[in-house]
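Chain residues, written in single-letter form:
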Amino acid sequence: MTAIATLGSHCSLQVLKGAKDEGLKTILICEKKRERLYRRFPFIDELVIVDSFKDVLEQKCRSVLEQNDAVLIPHGTLIAQMSSEEIESIKTPIFGNKWILRWESDREMKEKLMREASLPVPKPVTNPKDINKLVIVKRQGAAGGKGYFMASNEDDYNKKRDQLISEGTISKDETLYIQEYAAGVLAYLQFFYSPLKEELEFFGVDQRHESDIEGLARIPSEQQLKSKKVPSFNVIGNSPLVLRESLLDEVYVMGENFVEASKRIVAPGMNGPFCIEGVYDENARFTSFEFSARIVAGSNIYMDGSPYYSLLFNESMSMGRRIAMEVKTGVETNQMDKITT
Ligand code: AMP
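Residues numbered from 1 in each chain as written. Predicted model: local features only at pLDDT ≥ 70, side-chain atom pairs only at ≥ 80, totals over all residues. Heavy atoms only, no water.

The buried count for strand E10 (residues 199-212) comes to eleven of 14 residues, which makes it a mostly enclosed element. As defined by bridge partners, strand E9 (residues 185-194) adjoins E10 across seven bridges and the pair is classed as antiparallel. Paired with Phe192 across the bridge in E10 is Glu201. In sequence, E9 turns back onto E10 through a hairpin of four residues, with Glu198 there showing a positive phi of about 50 degrees. As paired elements, E10 and strand E11 (residues 233-241) share eight bridges and run antiparallel to each other. Looking across to E11, one finds that Glu210 is bridged to Val235. (Buried < 20%, exposed > 50% of the residue type's maximum accessible area, 1.4 Å probe, protein only. Helix = DSSP H or I, 4+ residues; strand = E, 2+ residues; numbered from the N terminus. Pairing = 2+ DSSP bridges.)

Read across the sheet, five strands follow the order E11-E10-E9-E12-E13 without closing on themselves; strand pairing throughout is antiparallel. The two strands at the open ends of the sheet, each matched to only one other strand, are E11 and strand E13 (286-292). Ignoring which end each strand starts from, the neighbouring axes of this sheet average 35 degrees apart. Helix-sheet contacts for helix H13 (residues 319-332) involve E9, E10 and strand E12 (272-280), and the interaxial angle to E9 is about 15 degrees. (Axes fitted to C-alpha atoms, helices over the stretch in contact; angles between N-to-C directions. Contact = heavy atoms within 4.5 Å.)

Each domain of the chain was delimited in the assignment, giving domain 1 (3-94), domain 2 (105-120 + 183-339) and domain 3 (124-180). Taking the mean C-alpha position of each, domain 2 and domain 3 sit 24 Å from one another. In this assembly, 17 residues from domain 2 lie in contact with 18 residues from domain 3. Contact between domain 2 and domain 3 buries roughly 1400 Å² in total, counting both sides, with carbon and sulfur atoms accounting for 53%. When the area that domain 2 buries against domain 3 is broken down by residue, the three leading residues are Arg107, Val230 and Phe233, summing to 50%. (Domains from an automatic or database assignment. Buried area = accessible area lost by both parts, 1.4 Å probe.)

Bringing the state of the cysteines into the picture now. Counted by the stated rule, this structure contains zero disulfides. This cysteine, Cys11, is not joined by any disulfide, and Cys275 carries the nearest cysteine sulfur, 12 Å off. (Disulfide = S-S within 2.5 Å.)

Here we come to the side chain of Lys138. Inspection of the secondary structure puts Lys138 in strand E6 (residues 135-138). Of the polar contacts made by the side chain of Lys138, one reaches the side chain of Gln179; its length is 2.9 Å. (Polar contact = N/O pair within 3.5 Å; in protein donor to acceptor, adjacent residues only side chain to side chain.)

Following both chains from N to C, one finds helix H1 (residues 12-21) and H13 inclined at 50 degrees, their axes separated by 7 Å at the closest point. In terms of orientation, H1 lies oblique with respect to H13. In this structure, the crossing between H1 and H13 has a hand that is right-handed. Counted together, Gln14, Val15, Gly18, Ala19 and Asp21 of H1 and Met319, Gly320, Arg321 and Ala324 of H13 form the full contact between these two elements. (Parallel < 35°, antiparallel > 145°, perpendicular 65-115°, else oblique. Left-handed = near helix turned anticlockwise from the far one by under 90°.)

In the vicinity of the ligand there are 17 residues, among which Lys138, Tyr148, Tyr188, Glu210 and Glu290 approach most closely. Within the backbone of Glu180, one N or O atom sits 3.0 Å away from a nitrogen atom of the ligand. In this structure, Glu210 approaches the ligand through a side-chain N or O atom, which is 2.5 Å from an oxygen atom. Against a free-state accessible area of 480 Å², the protein chains account for coverage of 96% of the ligand. For the shell around the ligand, the elements supplying multiple residues, two or more each, are E6, strand E8 (177-180), E9, E10 and E13. When its residues are assigned to classes, the shell around the ligand shows nine nonpolar, one polar and seven charged. Three or more residues apiece are contributed to the shell around the ligand by two domains, here domain 2 (105-120 + 183-339) and domain 3 (124-180). (Near = heavy atom within 4 Å. Areas by Shrake-Rupley, 256 points an atom, 1.4 Å probe, with all protein chains shown as cover. Nonpolar A, V, L, I, M, F, W, Y, C, P; charged D, E, K, R; others polar.)

This is the structure in structure tokens:
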């Protein structure tokens, strides 16, 4: 029997609950410090206790996964804690396309793929000298917004960068990525592309709550001005959003363009869950500053099914369950090569 395995963090509960609901065996690769938490959930059949998630690369962990014929579901923690080389070297079949995860982690590659998909990306600023509008300064990889900052000119940039270096939040030789700040309503668009059905599904939308940029918005400007702190964009949680129905057609077009571009640039393409992240401005025009080429933690708000999936499925369907359903179909129709790498 096929098993579903994932790292104990991010969206693992949703992924394994969904797998259980589909009748698959569930395996959690769990750090010792989290064992107490995950033992609370009876739908987890087996916990593989590790010192660090990098143990996935070790023989001991690998053989458990192999014996169980496991498919590993990648999520943000895998990307945050392992290099692209390490992820690509994992021998266990990975759901979706492990090669595209490098395109998510590297800022320049990310921008290239987004342009190829005709997504409206904010203008990048290659030299701090050229900052003449409000910009957001980002770190590489899935840093979760920690250490990001905003700047309005070169001096402002240097001052904040120096402050974050002295606080130990970012390192001196870290390459930072600067792009124009896009103001508007945050919308993180979650999709699933099935290579078995050759169909794109729109799953839902979430908003991220980020500290302490949000905390700053809750205090009067007088106090804001006195604050010496550089506010970061550290994700604390997510909440649901539904879009004006008139925006949906464009949402599907963006998702389809992304799937098509990925097929051209990084075979076998964008299979499985992914997310296009951005903001809608006052004219309901979308600017996209990010994508995630795997399940996002924002899908956790729809563990019992999303508004848009309730239009497609007559049972509660989380993203975790949708993944398990695809794996089951892949096994039954002997097409696992199409959905794993
Ligand atoms: P990211 O790592 O690119 O997902 O960015 C983390 C957070 O920073 C996002 O969730 C947004 O709140 C914010 N952000 C990133 N890029 C931009 C942008 N160009 N304009 C406005 N906000 C942004």
